[in-house]
Every structure is written in structure tokens, then in C-alpha cells.
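Here is what each chain is made of, one letter per residue.
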Amino acid sequence: MESGPAIFAGTAFTLFGAGLLLWTGVRLRHRAPVAHGVSPATAAGLATIFGAASLALGVWCFGRV
């Protein structure tokens, strides 16, 4: 019973983190802005940090199952 929420949270965090890292990488490769109105280095750095943190949290949730 308790593994259901952990699987859902792990899936959500992992998909979001992987998607954010993929999206950021594609935007950087095309030299497009990651976020409008923000310095490109700051936007790319923060998006990478939050994407990696979300991916790590998803893996941690799967480890708790």
C-alpha cells in the first residue's frame, strides 16, 4: 500500500527532472534563451541544478520502494 505514492512521486520527479535537463540542453545547443529576462548563464545554471536535483529525488523515491 505504501509503495504506490512512492512510485508515483518517483515517476513524477524523474520525468520532470529528465525533461528539464533535456529541454535545457536543447535550448543551449540552439543558442536560444532558457528563460526570458534572465541572464543566460544564470538561467542555464539554475535549470540544470533543479533538473538534476529533481532527477536525484526521483531516484531516491524509487530507492525507498
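That block above? That's the structure.
Note that the coordinates shown come from a computational prediction; the quantities given were computed from them, not determined experimentally.

Novice: Describe the side chain of Ser54, and please don't skip the residues or the numbers.
Specialist: Tracing the chain through its elements places Ser54 in helix H2 (residues 40-63). On the basis of relative accessibility, which here comes to 7%, the residue Ser54 falls in the buried class. When neighbours within four sequence positions are excluded, Ser54 is seen to be in contact with Phe13, Thr14, Phe16 and Gly17.

Novice: Go over the environment of Leu20, please, and point to the residues and values.
Specialist: Turning to its location among the elements, Leu20 is positioned in helix H1 (residues 3-29). Among residues more than four places away in sequence, those in contact with Leu20 are Ala47, Phe50 and Gly51.

Novice: Give me a nonpolar patch on the surface: which residues, what numbers.
Specialist: A cluster of nonpolar side chains, contributed by Ile7, Phe62 and Val65, occupies part of the molecular surface with about 250 Å² of accessible area. When you line up the elements, Val65 lands in the segment after H2. In this structure Val65 comes out as exposed when scored by relative accessible area, which is 52%.

Novice: Talk me through the packing of H1 against H2; I want residue IDs and the actual numbers.
Specialist: One can describe the packing of H1 onto H2 by two numbers: an axis separation of 7 Å at closest approach and a directional angle of 155 degrees. Between H1 and H2, the interaxial angle falls into the category roughly antiparallel. Every pair of crossing elements has a handedness; the one defined by H1 and H2 is left-handed. In the contact of H1 with H2, the residues fall into 18 nonpolar, nine polar and no charged.

Novice: Now, about H1: what can you tell me, with residues and values included?
Specialist: With 27 residues, H1 extends 38 Å from end C-alpha to end C-alpha; this agrees with the ideal 39 Å at 1.5 Å per step. Residues of H1 that are buried make contact with H2. In the segment just after H1, Arg31 is the residue with positive phi, at about 55 degrees.

Basis of the calculations
Residues numbered from 1 in each chain as written. Predicted model: local features only at pLDDT ≥ 70, side-chain atom pairs only at ≥ 80, totals over all residues. Heavy atoms only, no water. Helix = DSSP H or I, 4+ residues; strand = E, 2+ residues; numbered from the N terminus. Buried < 20%, exposed > 50% of the residue type's maximum accessible area, 1.4 Å probe, protein only. Contact = heavy atoms within 4.5 Å. Patch = residues over 30% accessible without salt bridge, like charges linked within 9 Å, V, L, I, M, F, W, Y side chains within 5 Å. Areas by Shrake-Rupley, 256 points an atom, 1.4 Å probe, with all protein chains shown as cover. Salt bridge = Lys/Arg side-chain N within 4 Å of Asp/Glu carboxyl O. Axes fitted to C-alpha atoms, helices over the stretch in contact; angles between N-to-C directions. Parallel < 35°, antiparallel > 145°, perpendicular 65-115°, else oblique. Left-handed = near helix turned anticlockwise from the far one by under 90°. Nonpolar A, V, L, I, M, F, W, Y, C, P; charged D, E, K, R; others polar. Expected span 1.5 Å × (residues − 1).

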